[in-house]
Amino acid sequence: MALDKQNEGKILPMDENKENTTEDGIGLEILQIIKDSQQQHGLRHGDYQRYRGYCSRRLRRLRKTLGFKCGNRHKFTGKKVTVEMLSDKRYLLLVLMEAERAWSYAMQLKQEANTEPRKRFHLLSRLRKAAKHGERLEKLCESPRVDAKTKLEAQAYTSYLSGMVRFELQEWKAAMEAFNKCKTIYEKLASAFTEELAVLYHQRVEEISPNIRYCAYNIGDQNAMNELMQMRLSAGGGGGMMAEKLEALITQTRAKQAATMSEVEWRGRTVPVKIDKARIFLLGLGDNEAAIAQAANEETKERLYETLLAECRDTIQAVREELKTEAVSMTDTERSLTCLCVCPFHSYLTYIKLWTVVKRNESMAHMLQAKLKEPQTDENKRGPRPQDLIRLYDIILQSLAELSTLQGLEEDHTFQKEVALKMLVYKAYRCFFIAQSYVLVKKWSEALVLYERVLKYAMEVQSKAKSLNNSLKDLPDVQELITEVNAEKYSLQAAAILDTEDAPEAPCQQKVKDNTPLCERLDTFHLDPTLVGKQPNLVQFPPDFQPIPCKPLFFDLALNHVAFPPLDDKVEQKGKGGLTGYIKGIFGFGS
C-alpha cells in the first residue's frame, strides 16, 4: 500500500491536472484511464481490493483538489456533479472513479462469493451502483461542453456496466444487447483513430466477445458453444468474470456426450471406462491437445498444460474414491474383478498425467533455452541460468522412470525400449546443462568430462534409434546437440588456457616468478610480457657447469712381462750411511 501511495503522488496528479480541452470541448480518455489504473494498481494480479482502495484515495484527492467535499468528518452531505460544473474534465473523472470503485468492489465480492454464497446479494447491489454511476457519466457527457469521442466512450462504458448487471441476473437477451452496443461503439472508435488507440479498443472487444457468445448460447444458439470452447482454450484457461460459468457449461455439454462412451483403445488393448467424470475428461482431452498445438506462444501453452494436469489429477482422485466406495460393499471375488477392470484404466490416466508432465517441462525447457541465448539487456535483472534447466530435466527423467514401471506395461517391450531411448535423450540434455553450469564457475576439467559424457549419450541414442525412428519424432534433435557440444569443447579449451592468466596461484605463474627461462617451460603456455622486452628470459645464462667424461687413460699391458734390473747395490749403499752419514752431511764433513 505504501508503494501505491508513492506512485500516486508522482504520476497520477499529472493526469488529473492535465488540461485536455480542445475546440470541440472537454475530452476524457475514459478507456485509457481505467486500463492504466487497473494495470498499475492490482488488476494485473487480480487484486480487486487493492484497486478499490486506489479508487477511494483518488476520489478523495479529486474532491479535495476541486473543493467538492461531501460534508465533514462528522456529517455526510451528498453532492452530485451537474452539467453547470463541467468547466474541468476532473469532474467527469470524479464520476468515473465512483463507478470504478463500485465495480471493483463487486468483483472482489464475486471472488469471495465462491466460499460465502450470501455475498452474491451484495455483489449485485454494487454492480447496480456502478451502472448508475455510469448512467450519470453518460448524461453529463451529453452536454455540448464535451467532445464527441468522450460521448461515445461514455456510452460504451455505460453499456458495458449495464451488460454486466444483466449477465449476473441471467437476463441473457438484455445482456447480449448491451454488450453488442458496447462492442459496436468500440469497433467504430478503433477504425476512426490511430493504431495505438485502436489496439486498446480491440482488446476491449476481445474481452466482451466471450460474454456475447455465452449469452447467445443461453438464448438458444448452439453454434456459439463451439466458439466458446475455442475462446476458452485459446485463452489458456485464463480467468475472468464468466470463467466459472463457462467451465460449468462445457462440463455439462461433455456430460451429455459421455453417455455413449464406454471404452477407449490404449496401446493395443481395450480399457473400459465406467466413471462419468473420467468420460468427461477423456472427451475434452483431444480439445486440450489441439489447443496446445495451436497455442500462439509458450506462456499460453504452459497455462493449457497446467489446466490439463489439474483436470487429470482430479479425474485420478475421482477414480480412487469411486473404487474405495464400491470396495466397501463387495465380496472378495467382486473386489478382485473390479480391480482387474479399474487398474488398467488407472494406469491409462497415470500415463496421460506423466506424459503431460514430460511435454509441459519440455516446453518450458525450450522457452528457457531461447532466453539463455538472448543477450541480457538489464544487468540488474536476474535472467535464466543452466541450473533452472537441470531441474526441469530431472522432473522429466523422474516421470519417464515412473512410466516404465506402470502396472500392465512391464511386458510391453516396445514401450520399454521407447522410454529407455527417451531417457537417454533427456539425460544427454541434462548432462549438457550441468556442464554449462560448471563452465559458469570456471571448473574446466569437470565441464570437459561432462561434455564427453553428453557425446557418449548422443552416440548411443543414434545407434539405438535405427529401429525406433518413430519414437524420436517428438524429441529434441541429438545431432544438433552433438554439433553444439563439439563447438563448446573448443571454446572451453580456449577459455581454460586464457583463464590461467588470471589465476592467482597458477603453477605457471609461480615458475615465472622464480625466473624460470622459456626453454624449461615449453609445455606450459603463458603470455609473458618480458619475452618481447629488452631482456627476454629465454635461456639460463651463464649456463650451469655440467660433468663431462675425462680423457682416456692408457695402460701398459706389457709391464707385467718385463724383468727389471737388480737395484740391490743402490739400496745397500744408501743403507750404509745410516745416522753417521746423516750427521756428517749436516756439518759438511763428508764433502
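The structure this text deals with has already been given above.
Just so it is clear, the model here is predicted, and its values are computed rather than measured.

Draft legend 1. Quick look at the pattern of salt bridges. Counted by the stated rule, this structure contains 15 salt bridges. Here Lys-110 and Glu-168 are joined by a salt bridge, their closest N and O atoms 3.1 Å apart. Here the residue Lys-110 occupies a position in helix α5 (residues 89-112), and Glu-168 occupies one in helix α7 (residues 148-168), the gap between them amounting to 58 residues. Judged on exposure class, the residue Lys-110 and its partner Glu-168 are both buried. The salt bridge partner of Lys-119 is Glu-112, with a shortest N-O separation of 2.6 Å. What you see here is one network of salt bridges that share partners, running through Lys-35, Arg-204 and Glu-207.

Draft legend 2. Representation of the packing of aromatic side chains in the model. Per the counting criterion, the structure on display carries 15 aromatic pairs. Between Phe-167 and Phe-179, the aromatic rings sit 6.4 Å apart at their centres with planes inclined by 65 degrees, giving edge-to-face as the arrangement. With Phe-167 in helix α7 and Phe-179 in helix α8 (residues 172-192), the pair connects residues that are twelve residues apart, well separated along the chain. Assessed through its relative accessible area of 0%, Phe-167 is described here as buried. With a centroid separation of 5.8 Å and 25 degrees between ring planes, the pair formed by Tyr-186 and Tyr-201 is classed as stacked. With a gap of 15 residues between them, Tyr-186 in helix α8 and Tyr-201 in helix α9 (residues 195-219) connect regions that are remote in the sequence. Neither Tyr-186 nor Tyr-201 differs from the other in exposure class; each is buried. Aromatic ring contacts, followed pair by pair, group Tyr-393, Tyr-426, Tyr-429, Phe-432, Phe-433 and Tyr-451 into a single cluster. Taking NZ or CZ as reference, Arg-52 lies 4.0 Å from the ring centre of Tyr-105, over its face.

Draft legend 3. Representation of the environment of Met-85 within the structure. Note that Met-85 resides in the loop between α4 (48-66) and α5. Take Met-85: its relative accessible area is 25%, and that puts it in the partly exposed class. Residues Met-85 and Leu-140, spaced 55 residues apart in sequence, show a C-alpha to C-alpha distance of 9.8 Å. Once you skip the residues sitting within four places of it in the chain, Met-85 turns out to touch Phe-68, Lys-80, Tyr-91 and Arg-145.

Draft legend 4. Quick look at the packing of helix α15 (residues 386-404) against helix α16 (residues 413-440). Following both chains from N to C, one finds α15 and α16 inclined at 160 degrees, their axes separated by 9 Å at the closest point. With respect to α16, the element α15 is oriented roughly antiparallel. The handedness of the crossing between α15 and α16 comes out as left-handed. When grouped by side-chain class, the residues that make up the contact of α15 with α16 number 17 nonpolar, five polar and four charged.

Draft legend 5. Structural context of unusual backbone geometry. Of note, the bond from Phe-541 into Pro-542 is cis; its omega dihedral lies within 30 degrees of zero at -5 degrees. Looking at where Pro-542 falls in the secondary structure, it is placed in the loop between α19 (507-513) and α20 (568-587). Residues other than glycine seldom take positive phi values, yet Gln-170 does so here, at roughly 60 degrees. Relative to the assigned elements, Gln-170 resides in the loop between α7 and α8. Backbone geometry at Lys-442 places phi at a positive 65 degrees, although glycine is not the residue there. Note on placement: Lys-442 falls in the loop between α16 and α17 (444-464).

Draft legend 6. Representation of the nonpolar core within the structure. Within the largest apolar cluster, 68 residues are counted, with the highest numbers of intra-cluster contacts made by Leu-282, Phe-345 and Leu-400. Secondary-structure elements contributing two or more residues to this core are β3 (263-266), α12 (276-293), α13 (298-328), α14 (332-373), α15, α16, α17 and α18 (478-499). Ranked by residues supplied to this core, first place goes to α16 with 14 residues. Core analysis: the next-biggest nonpolar cluster, separate from the first, contains 63 residues, Ala-102, Met-107, Val-146 and Cys-215 among them.

Draft legend 7. Layout of a nonpolar patch on the surface. A grouping of Leu-553, Phe-555 and Leu-557 is seen on the molecular surface, where their side chains present a nonpolar patch of about 440 Å² in accessible area. Along the polypeptide, Leu-553 turns up in the loop between α19 and α20.

So, how was this worked out
- Residues numbered from 1 in each chain as written.
- Predicted model: local features only at pLDDT ≥ 70, side-chain atom pairs only at ≥ 80, totals over all residues.
- Heavy atoms only, no water.
- Salt bridge = Lys/Arg side-chain N within 4 Å of Asp/Glu carboxyl O.
- Helix = DSSP H or I, 4+ residues; strand = E, 2+ residues; numbered from the N terminus.
- Buried < 20%, exposed > 50% of the residue type's maximum accessible area, 1.4 Å probe, protein only.
- Phe/Tyr/Trp six-rings, centres within 6.5 Å; stacked < 30°, edge-to-face > 60°.
- Lys NZ or Arg CZ within 6 Å of the ring centre and 35° of its normal.
- Contact = heavy atoms within 4.5 Å.
- Axes fitted to C-alpha atoms, helices over the stretch in contact; angles between N-to-C directions.
- Parallel < 35°, antiparallel > 145°, perpendicular 65-115°, else oblique.
- Left-handed = near helix turned anticlockwise from the far one by under 90°.
- Nonpolar A, V, L, I, M, F, W, Y, C, P; charged D, E, K, R; others polar.
- Core = buried A, V, L, I, M, F, W, Y, C linked by side-chain atoms within 4.5 Å.
- Patch = residues over 30% accessible without salt bridge, like charges linked within 9 Å, V, L, I, M, F, W, Y side chains within 5 Å.
- Areas by Shrake-Rupley, 256 points an atom, 1.4 Å probe, with all protein chains shown as cover.

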